[in-house]
Amino acid sequence: MKHIIYFLGCLIPFHALPAKLSFASQFLLADPNLVSTCLEFSRTPAGKIGDTLHIKSISLGGFIQTRNEARFHQGALPNHNWRGFAFVNYTYSFPEWNSFTPALALGMEHESAHPTGGFYEENDEAYEMIYDGLYRNINMNSIRLSPILRCLFVGTLDVRLDYQLYLFSKNTPELHNTALTHGHGFSGGIDAVFPLSQDYALFVSAFFRYIFESASHRNDWIYHNQNGMVVQVYEEYPVINSMRTISLKAGLIFQHIAPGRTISLFTRVLYGNPYGFIDSRENRLVIAAGMELLR
């Protein structure tokens, strides 16, 4: 996490530079890893601070995100669950054909998450026991290859698919050791942006992600619910567990409010793994609304 904080600090001098927002060279708007500065509310508050720098066909950036957990929500400021994300990406755009512009992106990503240091709560569900005072985290490092297709019609339609090769990674905070391994995942989706005037537009975005279970396993004490109680079972457990995320997001995009910046007012619905420090076996339904600032 400290490396991500340093990385974002290096981006601050570029924060005021004008840059063109390119949805195709970034992430889909419904992707929880969309780099932005954002404040949203879903029973509890969540916020992130992030930015992106564009140098011709190369983009790089990241964010730090924090959110509260509803089950032991203690105040207005999000502070229980910390997540950092950083990326560098190269995008090659092929010649335009009719109204279609294909592109290919290759990038590297890092994501890590952990709770507030030493955080402990009395819990009565197995999924909540990752807050037991032991050091637990997730650490995902990947190489991503992404074919992209942009279509210009009444608005702009971006279709994107991603293959991710995870290296030295772990998405199971249920394992309190620091074992890392490799794995695979796919993601993708669609952005549709419809201009309503020169200054604002309507957008609809859909995104999915699936991570496959790794071949590598480790032995550890894992929490389970049994007969209304939480028990620990010593077992062989995957270092990378299979998980899925489905996200839908819609709202308004406002341009020309700040140089090189775009403001989005949005609502979103997410089912599955919402990213961050949660038990890999848990699926959540998240309904949220918020505002974000992005390039």
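Residues numbered from 1 in each chain as written. Predicted model: local features only at pLDDT ≥ 70, side-chain atom pairs only at ≥ 80, totals over all residues. Heavy atoms only, no water.

## With respect to the environment of E125
Moving on, step 1. As for its position among the elements, E125 is in the loop between β5 (100–115) and β6 (138–152).
Moving on, step 2. With relative accessibility at 37%, the residue E125 sits in the partly exposed group.
Moving on, step 3. Sequence separation between E125 and V231 is 106 residues, and the spatial gap between their C-alpha atoms is 9.6 Å.
Moving on, step 4. In this structure E125 touches N225 and V230, once residues within four positions along its chain are discounted.
Moving on, step 5. Of the polar contacts made by the side chain of E125, one reaches the side chain of N225; its length is 3.1 Å. (Helix = DSSP H or I, 4+ residues; strand = E, 2+ residues; numbered from the N terminus. Buried < 20%, exposed > 50% of the residue type's maximum accessible area, 1.4 Å probe, protein only. Contact = heavy atoms within 4.5 Å. Polar contact = N/O pair within 3.5 Å; in protein donor to acceptor, adjacent residues only side chain to side chain.)

## Quick notes on the confidence of the model for the chain
Moving on, step 1. When pLDDT is averaged along the chain, the result is 86, and 87% of the positions lie at 70 or above.
Moving on, step 2. Counting interchain partners and residues more than four positions distant, the pLDDT-below-50 stretch residues 2–25 has 52 contacts. (pLDDT = per-residue confidence, 0-100.)

## Quick notes on the pattern of salt bridges
Should the charged atoms of two oppositely charged side chains come close, the side chains can pair.
Moving on, step 1. Under the counting rule described, the total for this entry stands at 14 salt bridges.
Moving on, step 2. The shortest N-O distance in the salt bridge between E69 and R67 comes to 3.9 Å. R67 shares its class with E69; the two are buried.
Moving on, step 3. One salt bridge connects R284 with E69, and the closest N-O pair in it is separated by 2.9 Å. Of the two residues, R284 sits in strand β14 (residues 284–294) while E69 sits in the loop between β3 (58–67) and β4 (81–93), which places them 215 residues apart along the sequence. In terms of burial, R284 and E69 fall into one category: buried. (Salt bridge = Lys/Arg side-chain N within 4 Å of Asp/Glu carboxyl O.)

## Some thoughts on the sheet that holds β14
Moving on, step 1. Pairing is antiparallel around the closed barrel formed by 12 strands, whose spatial order is β1-β2-β3-β4-β5-β6-β7-β8-β9-β12-β13-β14. Direction aside, neighbouring strands of the sheet carry axes that sit 20 degrees apart on average. (Pairing = 2+ DSSP bridges. Axes fitted to C-alpha atoms, helices over the stretch in contact; angles between N-to-C directions.)

## Re the packing of aromatic side chains
Moving on, step 1. If you walk through the whole model with that rule in mind, you get 13 aromatic pairs.
Moving on, step 2. Judged by centre distance (6.3 Å) and plane angle (25 degrees), the ring pair of F85 and F87 falls under stacked.
Moving on, step 3. Overall, F85 belongs to the buried group, its relative accessible area being 1%.
Moving on, step 4. Between W221 and Y234, the aromatic rings sit 5.2 Å apart at their centres with planes inclined by 55 degrees, giving tilted as the arrangement. Within this pair, whereas W221 is found in strand β10 (residues 217–226), its partner Y234 is found in strand β11 (residues 229–238), the two being separated by 13 residues in sequence.
Moving on, step 5. When its relative accessible area of 44% is taken as the criterion, W221 is described as partly exposed.
Moving on, step 6. An aromatic cluster is present here, built from F27, F63, F85 and F87 joined pairwise through their rings.
Moving on, step 7. Sitting over the ring of F63, K48 keeps its end group 4.5 Å from the ring centre.
Moving on, step 8. Over the face of the ring belonging to Y275 we find R209, whose NZ or CZ atom lies 3.9 Å from the ring centre. (Phe/Tyr/Trp six-rings, centres within 6.5 Å; stacked < 30°, edge-to-face > 60°. Lys NZ or Arg CZ within 6 Å of the ring centre and 35° of its normal.)

## Section: the pairing of β5
Moving on, step 1. Here β4 runs beside β5; their pairing, made up of 13 bridges, is antiparallel. Paired with T91 across the bridge in β5 is A105.
Moving on, step 2. Between β4 and the antiparallel strand that follows it, β5, lie 6 residues; N98 among them carries a positive phi value of about 55 degrees.
Moving on, step 3. As defined by bridge partners, β5 adjoins β6 across 14 bridges and the pair is classed as antiparallel. When the bridges of β6 are listed, G107 appears paired with R144.

## Some points on empty space enclosed by the protein
Moving on, step 1. Enumeration over the complete set of coordinates arrives at 4 cavities of 30 Å³ or more.
Moving on, step 2. In this structure, the largest cavity is lined by 16 residues; those nearest its centre are N33, E109, Q164, Y166 and R209.
Moving on, step 3. Taken together, the residues of the lining of the largest cavity break down into 6 nonpolar, 5 polar and 5 charged.
Moving on, step 4. Residue composition of the lining of the second largest cavity, by class: 6 nonpolar, 4 polar and 2 charged. (1 Å grid on protein atoms, 1.4 Å probe; cavity = no way out; pocket = protein on both sides within 12 Å on 5 of 7 lines; lining within 4 Å. Points joined across faces, edges and corners; volume = space filled by probe spheres on them. Nonpolar A, V, L, I, M, F, W, Y, C, P; charged D, E, K, R; others polar.)

## A closer look at the side chain of T245
Moving on, step 1. In this fold, T245 is placed in strand β12 (residues 243–255).
Moving on, step 2. The class for T245 is buried, based on a relative accessible area of 1%.
Moving on, step 3. A distance of 2.6 Å separates a polar atom in the side chain of T245 from the backbone oxygen of N273.

## Quick notes on the layout of surface pockets
Moving on, step 1. Estimated volume of the second largest pocket: approximately 600 Å³.
Moving on, step 2. Around the second largest pocket, the lining is made up of 32 residues, and of these E40, S42, R67, R268 and V286 lie nearest the centre.
Moving on, step 3. For the lining of the second largest pocket, the secondary structure elements donating two or more residues are β1 (37–42), β2 (44–55), β3, β12, β13 (262–272) and β14.
Moving on, step 4. Take the lining of the second largest pocket: its biggest share by element is 5 residues, from β14.
Moving on, step 5. When grouped by side-chain class, the residues that make up the lining of the second largest pocket number 14 nonpolar, 6 polar and 12 charged.

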